[in-house]
Amino acid sequence: YQRRVRDPFPNNTMDDPREDEPIVEEPQSDTIEEPKPNESVDVVEEENAEEDEEEEDAELLSEADSAVAVEQATALKARGNELYAAHDYQTAIDTYTEALDTTEHARDADTVRKACFGNRGACHWTLRDAEKCIADCDAALDIDDQYIKVRMRRALAHEHLEHYSAAEADFKTILEADPSNAVARKSTARLAPLAAAERERQKDEMLGKLKDLGNSLLGRFGLSLDNFQTVQDPNTGSYSVIFK
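My aim in this report is to walk through the structure given alongside it, one point at a time. Just so we're clear, the structure is a prediction, and the values are computed from it rather than from any experiment. (Residues numbered from 1 in each chain as written. Predicted model: local features only at pLDDT ≥ 70, side-chain atom pairs only at ≥ 80, totals over all residues. Heavy atoms only, no water.)

**Quick look at the overall build of the protein**
A tally of helices and strands in the protein yields eight helices and two strands. Reading the helices (α) and strands (β) of the protein from amino to carboxyl end gives α-α-α-α-α-α-α-α-β-β. Accessible area of the protein: about 16100 Å², with a carbon and sulfur share of 49%. (Helix = DSSP H or I, 4+ residues; strand = E, 2+ residues; numbered from the N terminus. Areas by Shrake-Rupley, 256 points an atom, 1.4 Å probe, with all protein chains shown as cover.)

So, in structure tokens, the structure goes:
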């Protein structure tokens, strides 16, 4: 059984990709100085960071090739938008994917890439593939965490999958950015008890797993956690463990 969530954007108008979104060596002395604490560690970390930046830069296309890739991806995005408008969602997905592949190593491609991730996510949501929708929304928000349309879509997808805490968090973020957003305001209020119950279940599951782990270790000595009891000190509020 899967809980149905009311779609606040009827008729697939929650986010139409047809909109033009901002979619996308000094002389050594004879004195040996004693190294400062963690100095060698800091040097190694700085060198590693520099090496990572050099490797990343080496993987990128030249500025000229990047410009060509971005231009091609922009054309592919436009084509994907046309396919979306024609309700050919799978072909639109393939087209947005081609645009993303084209700009994978391109410089200054964030604008077109975030748009393609967002629009591909819209296609997945229209096809009710909530998990893939969330994955694309994650990618778009990694590029621009103020992408409100995409955060709204991810919130709806999380609620559809009954990820109530994640959905509530996204709606709260939207409400902070836009206090007048009625959908986010109503959704936050509606999800509050569901998210609290979900967190309580997760806490119980975690404690259960910890208890199982403790029992598996104590079992080697013929004991279990049931042989111990926690007692709270009424004066300090601290706990002590006693053997029963």
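Structure's up, so let's keep going.
**Thoughts on the packing of aromatic side chains**
In this structure the tally under the stated criterion is one aromatic pair. Between the aromatic rings of Y84 and Y89, the centroid separation amounts to 5.3 Å while the plane-to-plane angle is 70°, which identifies the pairing as edge-to-face. A residue is classified by how much of its surface remains accessible, and Y84, at 5% relative accessible area, is buried. On the basis of relative accessibility, which here comes to 11%, the residue Y89 falls in the buried class. For the cation-ring pair, K114 lies above Y147, with the distance from its terminal atom to the ring centre recorded as 5.3 Å. (Phe/Tyr/Trp six-rings, centres within 6.5 Å; stacked < 30°, edge-to-face > 60°. Buried < 20%, exposed > 50% of the residue type's maximum accessible area, 1.4 Å probe, protein only. Lys NZ or Arg CZ within 6 Å of the ring centre and 35° of its normal.)

**Observations regarding the packing of helix α2 (residues 63-85) against helix α3 (residues 89-102)**
Taken N-terminus to C-terminus, the directions of α2 and α3 make an angle of 170°; their axes are 8 Å apart at the nearest point. Taken together, the axis directions place α2 and α3 in an arrangement best described as roughly antiparallel. Residue-level contacts link A69, Q72, A73, L76, K77, R79, G80, N81, L83 and Y84 of α2 to Y89, T91, A92, T95, Y96, E98, A99 and T102 of α3. Along the lines of polarity and charge, the residues of the contact of α2 with α3 split into nine nonpolar, six polar and three charged. (Axes fitted to C-alpha atoms, helices over the stretch in contact; angles between N-to-C directions. Parallel < 35°, antiparallel > 145°, perpendicular 65-115°, else oblique. Contact = heavy atoms within 4.5 Å. Nonpolar A, V, L, I, M, F, W, Y, C, P; charged D, E, K, R; others polar.)

**Description of the environment of C123**
Following the sequence through the fold, C123 ends up in helix α4 (residues 110-126). For C123, a relative accessible area of 0% corresponds to the buried category. In this structure, the C-alpha to C-alpha distance between C123 and A92, residues 31 residues apart in sequence, is 7.4 Å. For C123, the contacting residues outside a window of four places in its chain are Y84, Y89, A92, I93 and Y96.

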